[in-house]
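Chain and residue survey
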Amino acid sequence: DLFGFMDALAFSPEVGEVVGVQATSSKCISAHKRKYREDPDVIKFIDDWLKTSTCCGLEMHGWKKNERGHWVADIYTVIVSEGELVWVKEEAGL
């Protein structure tokens, strides 16, 4: 993990946005959330990451196979609200 909470960086040079991505299986989403919530250093790193001028966000992607056997992801945007981590699930198809 990069900084203890992300696996990859996605960069859009056209608009200068950087998004950190934590990729895991859908089954492991809860474990990652628990790990993040229980580690104050990770919460601080995430809060600092989200406050940087070039950062556009942090996402957690939980991968699974659908009924056709294709890989699909549940995508959560991670935010910090009043010192607590919050995961907002994106609507399907976005």
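Placed above this text is the structure.
Residues numbered from 1 in each chain as written. Predicted model: local features only at pLDDT ≥ 70, side-chain atom pairs only at ≥ 80, totals over all residues. Heavy atoms only, no water.

1. Details of the packing of aromatic side chains
Each pair of aromatic rings is reported with the distance of its centres and the angle of its planes. Per the stated rule, a full pass over the model turns up one aromatic pair. Each ring, one from Y36 and one from W87, has its centre 6.3 Å from the other, and the planes form 25°; the classification is stacked. Here Y36, found in helix α1 (residues 29-38), pairs with W87, found in strand β5 (residues 84-89); they are 51 residues apart in sequence, far enough to count as distant. Owing to a relative accessible area of 1%, Y36 belongs among the buried residues under this scheme. The class of W87 is buried, set by a relative accessible area of 12%. Seen from the ring of Y76, K33 lies directly overhead, with NZ or CZ sitting 4.6 Å from the centre. (Phe/Tyr/Trp six-rings, centres within 6.5 Å; stacked < 30°, edge-to-face > 60°. Helix = DSSP H or I, 4+ residues; strand = E, 2+ residues; numbered from the N terminus. Buried < 20%, exposed > 50% of the residue type's maximum accessible area, 1.4 Å probe, protein only. Lys NZ or Arg CZ within 6 Å of the ring centre and 35° of its normal.)

2. Let's talk about the pairing of strand β4 (residues 71-81)
Side-chain positions along a regular strand alternate between the two faces of the sheet. With six bridges joining them, β4 and β5 adopt antiparallel strand pairing. Paired with S81 across the strands is E84, a residue of β5. (Pairing = 2+ DSSP bridges.)

3. Observations regarding the environment of C28
Positionally, C28 belongs in the loop between β2 (17-25) and α1. Overall, C28 belongs to the partly exposed group, its relative accessible area being 34%. Residues C28 and V88, 60 residues apart in the sequence, show an inter-C-alpha distance of 16 Å.

4. As for helix α2 (residues 40-51)
For α2, with 12 residues, the first-to-last C-alpha span of 17 Å sits near the 16 Å given by 1.5 Å per residue. Along α2, the residues that are buried comprise V42, I43, I46 and W49. Buried residues of α2, seen end-on, are gathered within an arc of 125° and therefore sit on one face of the element. Exposed residues lying more than 90 degrees from the buried face of α2 are P40, D41 and K51. A distance of 2.9 Å separates the backbone nitrogen of D41 from a side-chain oxygen at the start of α2, and that oxygen is part of D39. (Expected span 1.5 Å × (residues − 1). Arc of directions from axis to C-beta. Polar contact = N/O pair within 3.5 Å; in protein donor to acceptor, adjacent residues only side chain to side chain.)

5. A look at a nonpolar patch on the surface
On the surface, L2, F3, L9 and F45 cluster together into a nonpolar patch covering about 380 Å² of accessible area. Turning to its location among the elements, F3 is positioned in the segment before β1 (8-12). (Patch = residues over 30% accessible without salt bridge, like charges linked within 9 Å, V, L, I, M, F, W, Y side chains within 5 Å. Areas by Shrake-Rupley, 256 points an atom, 1.4 Å probe, with all protein chains shown as cover. Salt bridge = Lys/Arg side-chain N within 4 Å of Asp/Glu carboxyl O.)

6. Some details on the side chain of E59
Along the chain, E59 turns up in strand β3 (residues 55-65). Here E59 is buried and forms no salt bridge, its nearest opposite-charge partner K89 lying at an N-O distance of 14 Å. Within the local environment of E59, its side chain forms a polar contact with the side chain of H61, the two groups lying 2.8 Å apart. In contact with E59, other than residues within four places in its own chain, are V19, G20, V21, Q22, I75, Y76, T77 and E90. (Lys, Arg positive; Asp, Glu negative; His and termini not counted. Contact = heavy atoms within 4.5 Å.)

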